[in-house]
Amino acid sequence: MLWLFTILVLLFLVLPVLIIIPMSFSASRYLQFPPPGFSTQWYQAFFSDPQWVGALQVSIELAVAATVISLILGTFAAIGISRSEFKGKSAVTEAFMMPMLVPGIIIGVAVYRFEAGLSLSGNFSGLLIAHILMAVPFVIRTVLASMAGLNPNYELASRSLGANSLITFLRVTVPIIKPALFSGAMFAFATSFDEIVVSQFICGVNVTTLPKKIWDGLNQQLDPTITAIAAIVIVLITLAMILSNAKTLFGREPKNQIQEELLEEE
Amino acid sequence: MLKDMELALQRTGLQTAETNPVKKSRLKPWMLIIPPALFFLIFLIWPLLQIFALSFTDAQGAFAAGSYVKFFGSDVYLKVIATTFRVSLVVTLSCLILGYPVAYAMTVCSKKISCLLMIAVMIPFWTSLLVRTYAWMILLQTDGVVNSILKSLGLIHQPLALLHNEVGIYIGMTHILLPYMILSLYPVMKGIDRNMILASRTLGAGKAHTFFRIFVPLSMPGVSCGAIIVFVSSIGYYITPSLLGGTKNMMISQEIQVQINRLMNWPFASAISVILLIFTYVILFFSKKVMKVEKLW
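Predicted model, so just to flag it, every value in this text is computed and none were measured.

As a further point, take the overall build of chain A. Secondary structure assignment for chain A yields 14 helices and zero strands. Its helices and strands in sequence order give chain A the pattern α-α-α-α-α-α-α-α-α-α-α-α-α-α, from N to C terminus. For chain A, with 266 residues in total, the buried portion stands at 41%. Pairs at least 24 residues apart make up 72% of the contacts formed inside chain A by residues separated by at least 6 positions.

Turning our attention to the overall build of chain B. Helix and strand counts for chain B stand at 13 helices and zero strands. Looking at chain B as a whole, 39% of its 297 residues qualify as buried. Across chain B, contacts joining residues at least 24 apart in sequence account for 71% of those joining residues at least 6 apart.

For the rest of this paragraph, the subject is the interface of chain A and chain B. If you look at the interface, chain A gives 76 residues, while chain B gives 77 residues. Ranked by the residues each element gives to the side of chain A that touches chain B, the list is headed by helix 1 (residues 2–18) of chain A, at eleven residues. Split by residue class, the side of chain A that touches chain B holds 58 nonpolar, twelve polar and six charged.

Turning to helix 6 (residues 104–117) of chain A, a few remarks are in order. Note on helix geometry: an α-helix contains 3.6 residues per turn, so any two residues three or four positions apart are oriented the same way. Over its 14 residues, helix 6 of chain A runs 20 Å from end to end, which matches the ideal 20 Å to within 8%, given 1.5 Å per residue. Among all positions of helix 6 of chain A, only Gly104, Ile105, Ile106, Ile107, Gly108, Val109, Ala110, Val111, Tyr112, Phe114 and Glu115 of chain A are buried. Where helix 6 of chain A is buried, its residues meet helix 5 (89–101), helix 7 (124–148) and helix 10 (199–202) of chain A together with helix 2 (34–54), helix 12 (252–261) and helix 13 (266–289) of chain B. Phi turns positive one or two residues past the end of helix 6 of chain A, at Ser119 of chain A, with a value near 45 degrees.

Let's shift gears to the packing of helix 7 of chain A against helix 9 (residues 165–194) of chain A. All names here are of chain A. One can describe the packing of helix 7 onto helix 9 by two numbers: an axis separation of 8 Å at closest approach and a directional angle of 160 degrees. Judged by the inter-axis angle, helix 7 sits roughly antiparallel to helix 9. Crossing of helix 7 against helix 9: the hand is right-handed. Each of His131, Met134, Ala135, Phe138, Val139, Thr142, Val143, Ala145, Ser146 and Met147 in helix 7 lies in contact with helix 9, whose residues at this interface are Ile177, Ala180, Leu181, Ser183, Gly184, Phe187, Ala188, Thr191 and Ser192. For the contact of helix 7 with helix 9, the class distribution of residues is twelve nonpolar, seven polar and no charged.

Attention shifts here to the nonpolar core. Counting residues in each nonpolar core, the largest one holds 141 residues, and the members touching the most others are Val109 and Leu133 of chain A. Each of domain 1 (2–54) and domain 2 (69–289) of chain B gives at least three residues to this core.

Residues and elements named next belong to chain B. Put simply, chain B has an average pLDDT of 87, and 90% of its residues get 70 or more. Within chain B, helix 2 carries the highest mean pLDDT (96), whereas helix 1 (residues 2–18) carries the lowest (50). With pLDDT under 50 throughout, residues 14–23 is counted as low confidence; its partners more than four residues away or in other chains account for eleven contacts. Predicted complex, confidence summary: ipTM 0.87, pTM 0.87.

So, on to the environment of Val230 of chain B. All names here are of chain B. Counting through the fold element by element, Val230 comes out in helix 10 (residues 207–235). According to the C-beta neighbour criterion, Val230 is buried, with 25 such atoms within 10 Å. Separated by 35 residues in sequence, Val230 and Asn195 have C-alpha atoms that sit 31 Å apart. If sequence neighbours within four positions are ignored, Val230 has contacts with Val91, Thr92, Cys95, Leu177, Tyr180 and Met181.

Calculation rules
Residues numbered from 1 in each chain as written. Chains lettered and ligands numbered in written order. Predicted model: local features only at pLDDT ≥ 70, side-chain atom pairs only at ≥ 80, totals over all residues. Helix = DSSP H or I, 4+ residues; strand = E, 2+ residues; numbered from the N terminus. Buried ≥ 20, exposed ≤ 12 C-beta atoms within 10 Å, placed from the backbone. Contact = placed C-beta atoms within 7 Å. Nonpolar A, V, L, I, M, F, W, Y, C, P; charged D, E, K, R; others polar. Expected span 1.5 Å × (residues − 1). Axes fitted to C-alpha atoms, helices over the stretch in contact; angles between N-to-C directions. Parallel < 35°, antiparallel > 145°, perpendicular 65-115°, else oblique. Left-handed = near helix turned anticlockwise from the far one by under 90°. Core = buried A, V, L, I, M, F, W, Y, C linked by C-beta atoms within 7 Å. Domains from an automatic or database assignment. pLDDT = per-residue confidence, 0-100.

Below, the structure written as structure tokens:
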């Protein structure tokens, strides 16, 4: 019973996502399932349309820039918060977490109104500012969690051995919190690449992101071109998921407790 | 700003290295908070304060609380609030009902199987929200996949209306928020000491009894955490209800969008934003004080 239910729920989670892949190779002009024949027409339609390719390019550039800057700002904030004590520290932390908790539409309204007054709205830097805001909390959260498990004595040891604070940070702190920096960067990239609620206010005629282009397409009619880019992204995500778990999935299954510990030490 | 900080770092570093290796650097850790804090003050806090001020003005820009009176005095907007809370409640409950057994199954199976199940949860989690909503638009339309399957199974004769109504919102939002529920439940369930279960069993309690009297209470922190995350996300949802719902079941976020893009009524849109913000923080405050949820995300 439990297993039947679990499998049904997981099919509910995965099938609607995976169904996009066969749909993207449909030979039909319309979205129908099962697709009547095989064709790559939607991939050709996507990559031959400068608007779609341009939107994809903007989204990638934006996500890379937002990831780098939010990683720096977020790591600064996380280290500052975890390594100091001051009045109102929890209020400051709460403020940094706001973009993650507050409904996106409110941030969109506020940032749009503010940026429109400075004519930042409708251009790349306006979008970048909004995307950094949305991504920073994810970096702070992961780095903060990692800093909580980091023994401050490592840093003290490095300092007392004569390394300055910059060297200590780069050679001691960074290597230890590297996994958190990596996952923070992943979250930041995904947040920016997928951001639509705030962007739909700020995107202009000249600068449009991929989600904004999809959003416009969905509001008019169900344009099947979307299936092509969606399928590419889904395949990439699925591959990344399987590769990052390859060791557990295809590795040796530990037979007992000792073997399990040995395998984990490897 | 960044460059200045780095320079300062290098300068203090050089000094300490030359004089005394353990001498305290002039750069204190709290100073690192300054650049991100300035960024947030300028681009988030200040704009939000402006929206707050704007919500208390009328069309001429004079001080007025008319927007709030209008919002709480009209059946139209009270209905929007009712829809928002009803949808959030239904979605939270369905995520819990669907997610709890899955998270439980993940804790009792072998490492490989549980990893495979986790991948099945993570693929939709990382997939774009828009793409997933799009998939449901294809699946739920009148001649869509769900209706054709139900028809070929002989379960229905007329296609069901699944899109552009509240059913569509329930299905889409449950699909999108379910991974958050599972990811909140799983670590708590995984951390439950198996000896507690064993102890209960050796003391003579049955399997079902042990599950409901020992396992379920111990998993409650995960339940409240997941429920709060799903509920708080739901009340601010915008994209999925706009695409899967109809004009009759608008949620608060959609109302804000309509006020700005179609009616250009900034004071009123600001007032609704302030109300939605207050709702969000009241729920978060409640979860901390009453439900004792320590860490949410």
